[in-house]
Each structure stands twice: as structure tokens, then as C-alpha cells.
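# Observations on the three-dimensional arrangement
Spelled out from the first residue to the last, the chains are:
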Amino acid sequence: MSAAPVLSIKGLVKRFGGLTATDHVDFDVLPGEVHAIIGPNGAGKTTLISQLAGELRPDAGRIEFDGHDISAESVPARSMLGLGRSYQISQIFREFTALENVMLAVQAHAGSSFSFLRPAIDETALTLPAAEALELVGLGARQHEVASAMAHGEHRQLELAMTLATAPKLLLLDEPMAGMSQAESESMIALIKRLKGRYAIALVEHDMDAVFALADRITVLVYGKVIACGAPADIRNDPAVKDAYLGDQEEAI
Amino acid sequence: MTWSLFVVQLLNGIQYGFLLFLMAAGLTLVFGIMSFVNLAHGSLYMMGAYFAAWAFNNGLFGIKESFLIAAFVGVTGSFVLGVVLERTLLTGLYARDHLDQVLATFGLILVFNEVARYIWGVSPYYMQVPKALEGTVDILGIAYPSYRFMIILVGAGVALGMYWLIQKTRIGMLIRAGASNAPMVGALGVNIKLLNTLLFGVGAALAGVAGLMAGPILSVQPGMGEPILIVVLVVIVTGGIGSIRGAFYAALIVGVIDTVGRVFLPIMLREIMERSLAQAAGPAIASLLIYLVMAVVLAIKPEGLFPVKNG
Amino acid sequence: MLKTLKPAWIAILVMVVLAAIPIYAALASQPFYVTLFSRIMIFALAAVALNLILGFGGMVSLGHAFYLGVGAYAAGILTAEGITSGWAHLAAALAAGLVFALAIGAVSLRTHGMIFIMITLAFAQMGYFLVVSLKNYGGDDGLPLPTRSDFGIFSLANNTVLYYLIFVCLAATLWFFSRLIESRFGYVLRGAKSNERRMLALGFPVFRYKLAAYVISALVCVVAGFLLANLTKFSSPSYMAWVVSGDIIVIIVLGGMGTLFGPVVGAIVFLLLEELLSSWKPGWFPGIEEVINKHWLALIGVFVIVVILTAKQGLYGQLVGGRLGKRMANGGAASSGGTRHA
């Protein structure tokens, strides 16, 4: 069965002065699949994600999402179309409680915010979905904790909860396990496993355990170029990939 | 609308533009490197004027009414004042957020103005045009005041000097690097603190030069720094923050548009609309011109005309 | 949950005292107190207005005095043209304020950080010069208001009536803003201050909300300006001077920008300090009065610098809740968007 990809990138190019950070990249994500992007530091993974999210404008190429050409769309517009992004460095609202953080995410997709008199906290349309998202990532008991008082690992969970609360069709996850302990990473892997199938997911990760546990397909990025793309088993055995990247990490796999 | 009136106003505009450039250069560099805007920059302009006027009127080493001595006192006074200010108070503000920087330098302005008021009083402190420059020079067949022409020459000289310094020397390279990526320059082992103190001092000295040259033609009085400071802010925003080149072009553009506009806009309006309306609208619109220019530039290019590319 | 908005007992106490001032003034035969506190409340109103976007929205506008001028001159110009109805004055003031705020906000809010601060300052200066150039309406000298705005059902000619009008405006604004801060709109505003990048990524078209907040803030300031012209019976370009914009920010920080009511406390302290310093005679040594009475601005300047370097939460912020005030005052840089660089 060939379903149309949720996200499709063709010939994406991004240059910074003399440096080509994204070199004619083709990439797509099918509905319900986890497509991981791996590569050594400096490969241009975050640059790629930023272009997908709309924070950077590519110099050439085309980005299609859910049938629309979104190459020229603004960041908020892409989110409203169903593109959800989580950040490598948690971008949360430190002064708000976990619940308030996720409520804002829900609010963004729950109609107009030109409401001046009614307290947002009274709106079950906001609080219920927010509480659900927090429950899903495992922060249910920490709803009323102020974000600045939470641990790093909890920030990563909150980060994901916020992205999920925007009810996206596609998740762009930028190193969700960054900075997490072994135990925390295992929980996160289990969580993303539960999300598989419900969402199309593009996952950037360094953690090879996670990548091979979750990915349906893996794309390998080196110096901005795609050097391999395929099923995990094929990537594991691809000589070019071993050369450029996996090299001495073979034991870990 | 006579030719000679136009040329005179154009030259006045260029002269005003160079004064703005002198102030803008220091301010934009410090902002570009330390992300710090010193609103009390106008106070340094004012103090330069006061130091020079005081030295001119009271004399130093027994010599009175020497413009060179007055200029020397004005420049070194501002430089020293700038360095002292930077080392004591301002260093602590670099890490603070912009609101704190604004408020602290606002407090400084109040203090400086009152100190000036206390020492020299409320009325304008008179500094006359030096005798040697009281005449006129011949430009394109028109007699133009020598003193104002000197300002243009000094301004152009400083601009060329800065161009040479920034483009052709190692210090200039450090400055350009710092404007592009300050933490990196620090990480490379350059004493960024010293560089910044020097830069700040030089910026203060330039403001002092602007002040002491402006003294004889504008009036030296408490609070003289703020109106021109705000125009300088318009200049650096229009030119592009951190960019000397931007400051240069924007300063000249702003200086010329403001000066020529104030004189010719009412005249032009009188041609196309009835007299009393032109009388009312002319000065009003003329006073808005430079802000409208800034708004238009920002609407099209929010980073300014010649922005610095950030590393 | 943000407890900022449950009115602390101090806030209620202060409002009660303010409401009682005219009574006290009458009993003590000191009508001056009514004018003094009218002025204090007007600046409290302006400061509360600015704090909506500054303290809660992270937009440091150094040009809000511009809107004081708009309100004042709407009353002044219309009165000069023979229109004395207060309703007309207010309508014109709000309409003009809306147009200016939309225009200035639309241009300024495309920038962030220090550039935003400089641009707002520049536009306010533009307003100052614009008003000075209106020779038909007083120009540099300002425009007297021979009679106060006429509202028909009540007369502002009575200082006490004007006092209570100002009080009602202040109370109403505080109430409205307390609702606004906790509403959806308020969360967007506060979220944008905290992390604008994330707000955009969540799908919020942040610009239009910031513009709306800017306009609301400006319009309340316009009302304050209208009241000021009525109080002093004068419209002056000096209302739009950069010093005034700076003073309003000092008032906010002094009282505590993390709270709604802080600016009210700030206004009381700041203006009373101004009043006291300009007539203080401590007699410590000969000539000290002269220095203090004529140069009290320098003392205010020093005071501001000290406050900035030490008491970041402000006086009211300290009283209401150290941790909470600190959280709001330090949470996110106060420059627009939460990032320090332009």
C-alpha cells in the first residue's frame, strides 16, 4: 500500500556564506511511521528541522505538507496546518505551571485568544486536554508545579506534552532524549513507541538505542547530504554509513 | 527657491550630519559589541561642550580664548569621563537586561544635567566662535561660514580615520569581529573588557568633539544632549545597529533631510496650498520628516540600511 | 497558579485611603491634597497602563508619554475650537490614540529589544516636536484650557468631582486588567514575554496580540492625558517629553513591575518624593536647601540608579510576595520577546 507522505521535501538547499548546511536533501515521512534522521555533529540536522518548522528559509527546494506547499508559510501557519515541533533545548514557559504551559499549547488551536474577561483556568476546553497530555507523558502528578522548579528530564517531558497538545499530524522531534538519564530515556522511548501509528514522526536523535528501537526508516545526513536512506537493518550494514558515521559505534548496536 | 539658499542649507545639512555621525559611531559600536546602549551618551556630548567652553572662557595655563586648548580639554575630558563611567558603573550593566540599562542610564542623565545646572547655572553658557574662523569660505561661488566648514572637514577627517582604523588595522579587525560575534572574540583570548573600555572612551571622546564643535553654534546648556541623542538613535536604527557604514550614510541622510526639509518644505507647500494652511502644516510636517524616513526604512528593511551580518 | 491578581490587603487599603483623601482634605482645610493626589492617581493610571505591556508583555516602550499628550491635546484643541463637551473630547482622544497606536505599534513591534526601546523613544520625540510646531495651538508655550471638559451630568469644575472621576478610572482599569491578565489574551501576552519563539511554534500569530495589547495600553494612557489636561487646565508639549516617559518607567519599577498594583504604589512614592524634595529644608548645613530644592532631580537620578542595582522587585513587589515578585521581575528579559539581542 503506498500512502501519500505526510511530509515531503525535495531538493532542499541552505547555504550560510560559503558553507552548504543542507545539500539538495530529499526526505519524506509516511503516515504513522517513525523516520529517524541521524548523522555526526555538524551534519545539519537542526538546520534541516528549522527549515521544516519555518524558522529558516531555504535557498532552494520545496516542502510539501499534507498536500500543501508550505515552503513560504510562517512558523505559526505551519503549526496550524498540523506540524508540531519539539526542541532540542526545551522551550517552555518557566514562570508558568506545567498545566499552564500545556494549556497555552491547547489554546493556540482552540479558537481565538481575543478573550479578555473570562479566566482561562475556568475553561475546561483548555484544562482537560492539557491535563490529558500531561498524563500521557507522565507528568500528571506534577500539573501544578511551576516549570522553573522542575528537573531537566521533566522539562523534556513537558516539552513533548506541549507539542502533543497542539494536536499535530506530524511530529518533528529534535533530540527528545537530550540530556536524559538512562532510565528517563527508556521512559521516553516507551512513550514515543505508544505514539507511533497515531502520528507521523520525524525523529532527530543521537541515541542509537532509541533510533534502532523506534525507527521504521533511517536517513543518514553527513555534511548536509543524504548518504543513505532505508530500513534500519539496511542502514546498519551500509558500508558508506559505517565509514562516515557508525564506524566505531558498531559495538553499541 | 534660490540656488545659494539651497547650497547653504545642503552644506548645513552635511555639517549637521557629520555631528550626528560623530555621536552615532561610538554609540553604535558599543551597542554592536556589548549590546548596550548608553542613553547618557548625550550627557558626554554636553560635558564635552561644557569642558571646552569653560577652558575657552577661563583659560588654561593662562591662555584664554584658544580654540585648540578648548578642544584639547573637551576631548580629553570626555574621554576620561567616559572611561571612568564605564569602569565604575556601566560594566555592571552589561549583563543586565535592556530595561535596567535604560533606567540606569536615564538616572545618569538626570544626575549629569543637574550637575551641569549646579556648576554652570541654567542659562546657556556662551562660547563664541574662535576669531580665526569668523569669516567665510568660498564654495561654488557662495560664501559659507568658515567655522561650519571646519566642522565638515573635521567630520570627514574622523570618518576617513575610522574607515582606515576599522578596515586596515588589527584593532579594527578585532572591532569588526567583536561586532559580529563578541563572545567568540573573548574566547580567542582577546581582552574584550579592555577593548570595550577603550572603545567606550573613544566613543565618549567623539561625542565630546561633537559637543565642543557644536558649542559655538548651538547653545551650551543643561539638557542639550538629549534632543540630539534621540536623533542619533534615529540614525543608528535607520543605518543598522552596530554598523559604522550604516551610521555614516544614515547620519548624512538624516542631517540633510532634516535641515533642507525644514527650510524648503514650508516653501514648497506654500506653492501648492493656500498660505495659512502651509504656514501651519509646513513646520509640522518638516519636524516629522526624519521620523517618517525611519519608519519607512524600518517597514521595508527592519534591520536597517546597512546591517552587520551576525556570525 | 499565579496569585498576583487577588488583590492583596495592601492594595485594598491603599485604594480606601485614596478614596478618603478628599474627605481628609476638607476636614484639614488642605485642598492642595486633592490636587496632589489627583496628579498621583493620573500617573498611577499611566503607569498601570504601560505596565500591561512592559511588566506583563515584556515590551519596553520608552515613548508612552506621547499618549498622555494625545489625550491632553484632544481636550485642548477641541476646547480652543469651541467644543467643550467632555464626551467629544474623550471620543476624539480615543480615536486619535487608536490611529497613532496602530501606526506606531505596527512599525515598532516589528523590532525587538533595544531597537524597540529606541524607536518608541524616537516616535514620542516626534510627537513632541509635532505639537510644538502647532503654532495655532500654543506651540512651545502650550495651550490653556479655560474650562474643564463638560460632561453634562456632572461638572469637573469641582476639584473633588474630578478627583473621583480619576479614582473611578483607576479602579476600573485595575479591575479590567486583573481580568485581562488571567484571560486567554493575558496568557498569550505573558507567554510572548516568556518565550516568544515557542509561542510562534505553538501556532500563535503573536504580532497581532502584541499590537492589540500595545493599543489597549496606549488608550488608557490617552485617558490619563485627558484627565491631566483637565486637572492642570493646560495642555503642554512637556507632557510628551522623554523625561516623562522615563519617569513612568521608573514609577513602574519602583513599585514592582511584576504586579498589577505595584505601579500605583510606585506613583505614590515617586510623586510624594518629588514633592517633598522640592520643598525639604533639613538645615544640615547652610546652602543644603538650595541644592536639594533646586537639584532634586539629581537625587531622583541617584535614587533610580540605586533602585535598579538593588531592589529589582520594587517596593510593592517585595511586600506582596518575595518569590512571586522575583519570578515575574526576572522571568525572561524585559526586552520584547525574551531575548536580549536586537
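Described in the following lines is the structure provided in the data block. (Residues numbered from 1 in each chain as written. Chains lettered and ligands numbered in written order. Predicted model: local features only at pLDDT ≥ 70, side-chain atom pairs only at ≥ 80, totals over all residues. Heavy atoms only, no water.)

### Regarding the overall build of chain B
Put simply, the rule is: Per the convention used, a helix needs a DSSP run of H or I reaching at least four residues, while a strand needs a run of E reaching at least two, with both numbered from the N terminus. Radius of gyration: C-alpha atoms only; globule rule: 2.2 Å multiplied by the number of residues to the exponent 0.38. Between buried and exposed lies partly exposed: a residue is buried under 20% and exposed over 50% of the maximum accessible area for its type, with that area taken using a 1.4 Å probe on protein chains only. We call two residues in contact when some of their heavy atoms are within 4.5 Å. Methods summary: accessible areas were calculated by the Shrake-Rupley approach with a probe of 1.4 Å, and residue burial reflects only the protein chains presented. We score Asp and Glu as negative and Lys and Arg as positive, and we do not count His or the chain ends. Charged side chains are reduced to one point each, which is NZ for Lys, CZ for Arg, CG for Asp and CD for Glu.
When helices and strands are counted, chain B shows 11 helices and 2 strands. Its helices and strands taken in sequence order, chain B reads α-α-α-α-β-β-α-α-α-α-α-α-α from the N to the C terminus. On C-alpha atoms alone, chain B measures out to a radius of gyration of 20 Å, which is about the 19 Å that the 2.2 N^0.38 rule sets for 311 residues. With respect to the principal axes defined by its C-alpha atoms, chain B has extents near 65 × 55 × 35 Å. Looking at chain B residue by residue over its 311 residues, the buried ones come to 56%. The contacts of chain B with a sequence gap of at least 6 include a subset with a gap of at least 24, amounting to 78%. Taken as a whole, chain B presents about 12,800 Å² of accessible surface, with 70% of it coming from carbon and sulfur. Of the charged side chains in chain B, 16 are positive and 12 negative, and the gap between their average positions amounts to 9 Å.

### A look at the overall build of chain A
Each helix and strand counted, chain A has 9 helices and 10 strands in total. In summary, chain A has a C-alpha radius of gyration of 18 Å against a globular reference of 18 Å for 253 residues, a match within 12%. Evaluated residue by residue, chain A yields a buried proportion of 54% over its 253 residues. Taking the intrachain contacts of chain A between residues at least 6 apart in sequence as the baseline, contacts between residues at least 24 apart amount to 66%. Roughly 10,300 Å² of accessible area belongs to chain A as shown, and the carbon and sulfur atoms make up 52% of that amount. Put simply, chain A has 21 plus and 33 minus side-chain charges, and the middle of one group is 4 Å from the middle of the other.

### Looking at the interface of chain C and chain B
Our working definition: Two parts placed together each lose some accessible area under a 1.4 Å probe, and the buried area is that loss summed for both. When a carboxyl oxygen of Asp or Glu is within 4 Å of a side-chain nitrogen of Lys or Arg, the pair counts as a salt bridge. Counted as a polar contact is a pair of N or O atoms within 3.5 Å, where, for protein atoms, one must be capable of donating a hydrogen and the other of accepting one, and residues adjacent in sequence contribute only when both atoms are in side chains. Amino acid classes used here: Ala, Val, Leu, Ile, Met, Phe, Trp, Tyr, Cys and Pro are nonpolar; Asp, Glu, Lys and Arg are charged; the rest, including Gly, are polar.
At the interface, 47 residues of chain C touch 45 residues of chain B. The contact between chain C and chain B buries some 4,100 Å² in all, and 78% of this surface belongs to carbon and sulfur atoms. Summed over the shared surface of chain C and chain B, the result is 0 salt bridges. At the surface where chain C touches chain B, the tally comes to 2 residue pairs in polar contact (both at pLDDT 80 or more). At the level of secondary structure, the elements contributing two or more residues to the side of chain C that touches chain B comprise α5 (113-132), α9 (242-255) and α11 (288-310) of chain C. Per-element accounting of the side of chain C that touches chain B gives the leading share, 13 residues, to α5 of chain C. Residue composition of the side of chain C that touches chain B, grouped by class: 33 nonpolar, 9 polar and 5 charged.

### Some points on the sheet that holds strand β7 (residues 170-174) of chain A
All names here are of chain A. Just so we agree on the cut-off: Whether two strands pair depends on DSSP finding at least two bridges between them. Only C-alpha atoms enter the line fits that serve as axes; for helices the fit covers just the stretch in contact. Angles between N-to-C directions range over 0 to 180 degrees.
Judged by pairing direction, the sheet is mixed, and its 6 strands sit side by side in the order β6-β7-β8-β3-β9-β10 without closing on themselves. Whereas interior strands pair on both sides, the edge strands pair on one side only; in this sheet they are β6 (83-86) and β10 (225-230). Mean inter-strand twist for the sheet, computed between neighbouring axes without regard to direction, equals 15°. Of the strand pairs in this sheet, strand β3 (residues 34-38) and strand β9 (residues 217-222) are connected by 4 bridges, and their pairing is parallel.

### Things to note about the packing of helix α3 (residues 98-108) of chain A against helix α4 (residues 124-137) of chain A
All names here are of chain A. The following threshold applies: By convention the crossing between two helices is left-handed if the near helix lies anticlockwise of the far one by an angle smaller than a right angle, and right-handed if it lies clockwise.
One can describe the packing of α3 onto α4 by two numbers: an axis separation of 8 Å at closest approach and a directional angle of 115°. With respect to the hand of their crossing, α3 and α4 are arranged in right-handed fashion. Across from Ala98, Leu99, Val102, Met103, Val106 and Gln107 in α3, the residues of α4 making contact are Ala125, Leu126, Thr127, Pro129, Ala130, Ala131, Ala133 and Leu134.

### Some points on the packing of helix α9 (residues 225-239) of chain B against helix α11 (residues 275-300) of chain B
Residue and element names in this part refer to chain B. Our working definition: In what follows, roughly perpendicular refers to angles from 65 to 115 degrees, roughly parallel to angles under 35, roughly antiparallel to angles over 145, and oblique to any angle outside these ranges.
For the pair α9 and α11, interaxial distance at closest approach is 10 Å and the crossing angle is 25°. What the angle tells us is that α9 and α11 run roughly parallel. The interaxial crossing formed by α9 with α11 has left-handed handedness. Between α9, through Ile230, Val231, Val234, Val237 and Thr238, and α11, the contact on the second element is made entirely by Ile290, Tyr291, Met294, Val297 and Leu298. When its residues are assigned to classes, the contact of α9 with α11 shows 9 nonpolar, 1 polar and no charged.

### Looking at the environment of Val30 of chain B
Residues and elements named next belong to chain B. Within the secondary structure, Val30 sits in helix α1 (residues 3-34). Using a relative accessible area of 4% as the deciding quantity, one classes Val30 as buried. Sequence spacing of Val30 and Gly203 is 173 residues, and the spatial spacing of their C-alpha atoms is 8.0 Å. For Val30, the contacting residues outside a window of four places in its chain are Ser35, Phe36 and Phe200.

### Observations concerning the interface of chain A and chain C
A common way to state how big an interface is: give the accessible area lost once the parts meet. Facing 39 residues of chain A, the contacting portion of chain C comprises 32 residues. Between chain A and chain C, a total of about 3,200 Å² is buried, with carbon and sulfur atoms accounting for 59% of that surface. At the boundary of chain A with chain C, the tally comes to 3 salt bridges. The salt bridge partner of Arg198 of chain C is Glu159 of chain A, with a shortest N-O separation of 2.9 Å.

### Structural notes on the pattern of salt bridges
All names here are of chain A. Applying the stated criterion to the full structure yields 19 salt bridges over all chains. Asp66 is paired through a salt bridge with Lys169; the nearest N and O atoms lie 2.9 Å apart. With Asp66 in the loop between β4 (60-65) and β5 (68-69) and Lys169 in the loop between α5 (152-165) and β7, the pair connects residues that are 103 residues apart, well separated along the chain.

### Regarding the side chain of Thr111 of chain C
All names here are of chain C. Position of Thr111 among the secondary structure elements: in the loop between α4 (86-108) and α5. The class for Thr111 is buried, based on a relative accessible area of 6%. From its side chain, Thr111 meets the backbone oxygen of Ser108 in a polar contact 2.7 Å long.

### Topic: the sheet that holds β4 of chain A
Residue and element names in this part refer to chain A. Ordered in space as β2-β1-β4-β5, the 4 strands form an open sheet in which the pairing is antiparallel. Lying at the two open borders of the sheet, with one neighbouring strand each, are β2 (19-29) and β5. The pairing of β4 with β5 spans 2 bridges and is classified as antiparallel. From the neighbouring strand, Phe65 faces β5, where its bridge partner is His68. Running over the sheet, helix α1 (residues 45-53) touches β1 (7-16), β2 and β4 and is turned about 120° from β1.

### A few points about the pairing of β4 of chain A
Regular strands place side chains that alternate from one sheet face to the opposite one. Residues and elements named next belong to chain A. The pairing of β1 with β4 spans 5 bridges and is antiparallel. Bridge pairing in β4 places Ser8 opposite Glu64. Counted between consecutive antiparallel strands, the loop separating β4 from β5 contains 2 residues, among which Asp66 sits at a positive phi close to 50°.

### Here we look at α5 of chain C
To keep things clear, this is the line we draw: One fewer than the residue count of a helix, multiplied by 1.5 Å, yields its expected span.
Taking 1.5 Å per residue as the helical rise, α5 of chain C with its 20 residues ought to reach 28 Å, and the 29 Å between its terminal C-alpha atoms agrees with that figure. Most of α5 of chain C is tucked away, with 17 of its 20 residues classed as buried.

### Section: the pairing of β3 of chain A
Residues and elements named next belong to chain A. Most of β3 is tucked away, with 5 of its 5 residues classed as buried. Bridge analysis of β3 against strand β8 (residues 200-204) gives 4 bridges, and the strand direction is parallel. If you follow Val34 over to β8, its bridge partner there is Ile201.

### Quick word on the packing of aromatic side chains
Rule in force here: Stacked, edge-to-face and tilted labels apply to pairs of Phe, Tyr and Trp rings (six-membered ring for Trp) whose centres lie within 6.5 Å, assigned for plane angles under 30 degrees, over 60, and everything in between, in that order.
The final tally for this structure, using the stated rule, is 30 aromatic pairs over all chains. Seen from their ring centres, Phe66 of chain C and Tyr67 of chain C are 5.1 Å apart, and the 90° between their planes marks the pair as edge-to-face. By the burial criterion, Phe66 of chain C is buried, and Tyr67 of chain C matches it. Ring pairing ties together the aromatic residues Phe18, Phe21, Phe248, Tyr249 and Phe306 of chain B, which thus form one cluster.

### A look at the arrangement of the chains
Out of 2 pairs of chains that touch, the pair holding the most contacts is chains B and C. Separated without contact, chain A and chain B have their nearest C-alpha atoms at a distance of 10 Å.

### As for the environment of Leu172 of chain A
All names here are of chain A. Summarising the element assignment, Leu172 is placed in strand β7. Along the primary structure Leu172 and Ala120 are separated by 52 residues, whereas in three dimensions their C-alpha atoms are 28 Å apart. Leave out the neighbours within four places in its chain, and Leu172 touches Ile49, Leu52, Ala53, Leu83, Gly84, Arg85, Ser86 and Ala202.

### A look at α4 of chain C
Helix length check: α4 of chain C, at 23 residues, gives a terminal C-alpha distance of 31 Å against a target of 33 Å (1.5 Å per residue), a fit within 8%. Of the positions making up α4 of chain C, those classed as buried are Gly86, His89, Ala93, Gly97, Ala101, Ile104, Gly105, Val107 and Ser108 of chain C. Tucked into the core, α4 of chain C has its buried residues touching α11 of chain B together with α3 (65-80), α5 and α8 (206-232) of chain C.

So far we have only geometry, and geometry alone does not tell us how the molecule works.
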